[in-house]
Amino acid sequence: MYAEFDLLTPAAVGGALDELAKVENEEDCMPLGGGTNLVVDLRARAVAPKVLISVGRLSGLRGIELGEGRVSMGGAVTVSEILRHPERSRFGPALIGAAQVFAGQMVRNTATIAGNICCGSPAADLVPPLLALDAVVRLECSAGSRELPLADYFTGYKSSVRKPNELLTRVWWPEPPAGSASLFYKLARRKGDAITVVGVAVSLARENGICTRARIALGAVAPVVERVRPAEAMLEGNALEPDLIEAAARAAAQQSSPIDDVRASGKYRRQQVFVLVRRLLSRAWRSLSEGDHP
Amino acid sequence: MNDRRVRFTLNGEPREVSVKPNDLLLNVIRDDEKLTGTKYGCGIGECGACTVHIDGRPVLACLELAVAAEGREIVTIEGLAGNGGALDPLQEAFLDNGAVQCGFCTPGMIMMGRALLDETPEPSEAEVRDYLRGTLCRCTGYASIVQSVIDAGAKEAAAD
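Bear in mind that the values here come from a model prediction, so they are computed numbers and not experimental data.

### Notes on the domain arrangement of chain A
All names here are of chain A.
Okay, so step 1: As assigned here, chain A comprises domain 1 (6–54), domain 2 (59–174) and domain 3 (180–292).
Okay, so step 2: Measuring from the centre of the C-alpha atoms in domain 1 to the corresponding centre in domain 2 gives 18 Å.
Okay, so step 3: Tallying the contact residues gives 13 residues for domain 1 and 16 residues for domain 2.
Okay, so step 4: Interface area for domain 1 against domain 2, summed over the two sides, is near 1200 Å², with a carbon-plus-sulfur share of 70%.
Okay, so step 5: The largest share of the area that domain 1 buries against domain 2 comes from V13, L17 and T36, three residues that together contribute 39% of it.
Okay, so step 6: In this structure, the connection of domain 1 to domain 2 is made through zero salt bridges.
Okay, so step 7: Taken together, domain 1 and domain 2 are joined by zero residue pairs in polar contact (both at pLDDT 80 or more).

### Examining helix α4 (residues 93–100) of chain A
All names here are of chain A.
Okay, so step 1: With six of eight residues buried, α4 is to be regarded as a mostly interior element.
Okay, so step 2: Those residues of α4 that sit buried are A94, L95, I96, G97, A98 and A99.
Okay, so step 3: Looking at the packing, one finds that the buried side of α4 touches β5 (70–74), α3 (79–84), α5 (105–108), α7 (127–132), β10 (167–174) and β11 (180–187).

### Observations concerning the packing of aromatic side chains
All names here are of chain A.
Okay, so step 1: Here the structure, examined in full by the defined rule, presents one aromatic pair over all chains.
Okay, so step 2: For the pair Y153 and F154, a centre-to-centre distance of 5.0 Å together with 85 degrees between the ring planes defines the contact as edge-to-face. Each member of the pair, Y153 as well as F154, carries the same accessibility label: buried.
Okay, so step 3: Above the ring of Y185, the side-chain terminus of R279 is found at 5.9 Å from the ring centroid.

### Details of unusual backbone geometry
Okay, so step 1: Residue R45(A) is not a glycine yet carries a positive backbone phi of 60 degrees.
Okay, so step 2: Mapped onto the secondary structure, R45(A) falls in the loop between α2 (38–43) and β3 (51–54).
Okay, so step 3: The phi angle at T140(B) is positive, at roughly 55 degrees, despite the residue not being glycine.
Okay, so step 4: Tracing the chain through its elements places T140(B) in the loop between α4 (125–131) and α5 (142–159).
Okay, so step 5: By relative accessible area, which is 54% here, T140(B) ends up exposed.

### Some thoughts on the interface of chain A and chain B
Okay, so step 1: Contact with chain A, which involves 31 residues of that partner, is made by 31 residues of chain B.
Okay, so step 2: Surface buried jointly by chain A and chain B totals about 2500 Å² across both partners, of which 54% is contributed by carbon and sulfur atoms.
Okay, so step 3: The interface formed by chain A and chain B contains two salt bridges.
Okay, so step 4: Among the salt bridges present, the one from D6(A) reaches R4(B), with a minimum N-O distance of 3.1 Å.
Okay, so step 5: The tally of links from chain A across to chain B stands at 11 residue pairs in polar contact (both at pLDDT 80 or more).
Okay, so step 6: Going through the elements one at a time, β1 (6–8), α2 and α5 of chain A are the ones with two or more residues in the side of chain A that touches chain B.
Okay, so step 7: Top contributing element to the side of chain A that touches chain B by residue count: α5(A), with four residues.

### Brief notes about the domain arrangement of chain B
All names here are of chain B.
Okay, so step 1: Partitioning chain B into domains gives domain 1 (4–79) and domain 2 (83–159).
Okay, so step 2: Relative placement of domain 1 and domain 2: their C-alpha centres are 21 Å apart.
Okay, so step 3: Contact with domain 1, which involves 15 residues of that partner, is made by 14 residues of domain 2.
Okay, so step 4: Across the domain 1/domain 2 interface, buried area totals approximately 1100 Å², and carbon plus sulfur atoms make up 69% of it.
Okay, so step 5: In this structure, the salt-bridge partner of R57 is E119, at a minimum N-O distance of 3.7 Å.
Okay, so step 6: Remark: the boundary between domain 1 and domain 2 carries two residue pairs in polar contact (both at pLDDT 80 or more).
Okay, so step 7: Those elements that provide at least two residues to the side of domain 1 that touches domain 2 are β3 (51–54) and β4 (57–60).
Okay, so step 8: Its residues assigned to classes, the side of domain 1 that touches domain 2 comprises six nonpolar, six polar and three charged.

Rules used throughout
- Residues numbered from 1 in each chain as written.
- Chains lettered and ligands numbered in written order.
- Predicted model: local features only at pLDDT ≥ 70, side-chain atom pairs only at ≥ 80, totals over all residues.
- Heavy atoms only, no water.
- Domains from an automatic or database assignment.
- Contact = heavy atoms within 4.5 Å.
- Buried area = accessible area lost by both parts, 1.4 Å probe.
- Salt bridge = Lys/Arg side-chain N within 4 Å of Asp/Glu carboxyl O.
- Polar contact = N/O pair within 3.5 Å; in protein donor to acceptor, adjacent residues only side chain to side chain.
- Buried < 20%, exposed > 50% of the residue type's maximum accessible area, 1.4 Å probe, protein only.
- Helix = DSSP H or I, 4+ residues; strand = E, 2+ residues; numbered from the N terminus.
- Phe/Tyr/Trp six-rings, centres within 6.5 Å; stacked < 30°, edge-to-face > 60°.
- Lys NZ or Arg CZ within 6 Å of the ring centre and 35° of its normal.
- Nonpolar A, V, L, I, M, F, W, Y, C, P; charged D, E, K, R; others polar.

This is the structure we're talking about:
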């Protein structure tokens, strides 16, 4: 590789944070997780940091914990580790669905959950389901740590509230309760190793025939992966009749701001937002209805 | 950029090499270790021709920095054959099915097929196609490649 940089390999999270604390210019230093995005960008000279800090194998960033009503994953948990976990059925079906269609097997073995968030791509496949599951991210620096909803993390295309001296160390979300359902669909040109044209995640909770919680998150149709709060508000407090689902899907399509690119036109993407939101909401609601009347 | 000493196991043999921070594992395997069975295809993680096993899992050597190999077990296509050069059953199946056209994707396909058979003995056709979906064959010889993985799985199950 022609791109030149120094590579630091701290032995623990604390050491990585100490190195990050020395960073003055954001462009000069980047944490390296699995590298499946960053190494490609380095080779293309899309980024040119002087220093990389390797964090992908730090034991403090690994491990999946379940307990106290939470699913909690270290930032360096790989997509394959999510799929292989014996308790994966408790993570939320939307996240498992996204992990299954994430890139190819070899990339899944290396790519990390924090890396997928931090690369900031609007087409990052783990982000819509994490938004639909109300994920919270923990940012740590040598001076301390803070947590914030993933929904407040992105500030624009490939930009976020993460400061150059902070590391995204953990992602957690409430364990989906009984009476809730979530789904993800990736629309792409082919099944393997394709960049998402439209990604949709939905999550619903139902009590006594009423939708008590609704989340809709869209990928690859705006500068950032984002929730569609107006459509969510239309659904909550109501029984999800077909007309209401259709109206929410229309609101989602309206909020999306897709671009034309080599993979699809913006017009097609927006139409597919409508189709996929309607489809996933209908399926998720139906699965909960069937649960009420076994 | 200071050179680093990196220790790892390559096809069962301990190695200690000097690498630069920006050296890719793929280049160390091909240029320094002279094991050219692992192919340099797209270089951006999309074709699968550079697939090797690290600690038993298939990964893309074009996206791994050599420094990350520290302490790990790496197996390349050259490491699949047993003692005395006996081919792996999957390599035999590729020969039996004529599953090679230009041959450039073959090492990656075999490393992927081997990893699948280690995880899932006797996979279905759908499982094979799903597992191999990140490995591209531009001669489009997929039918015989997929059949070879299925055949090797059946043969290994029968032998057990």
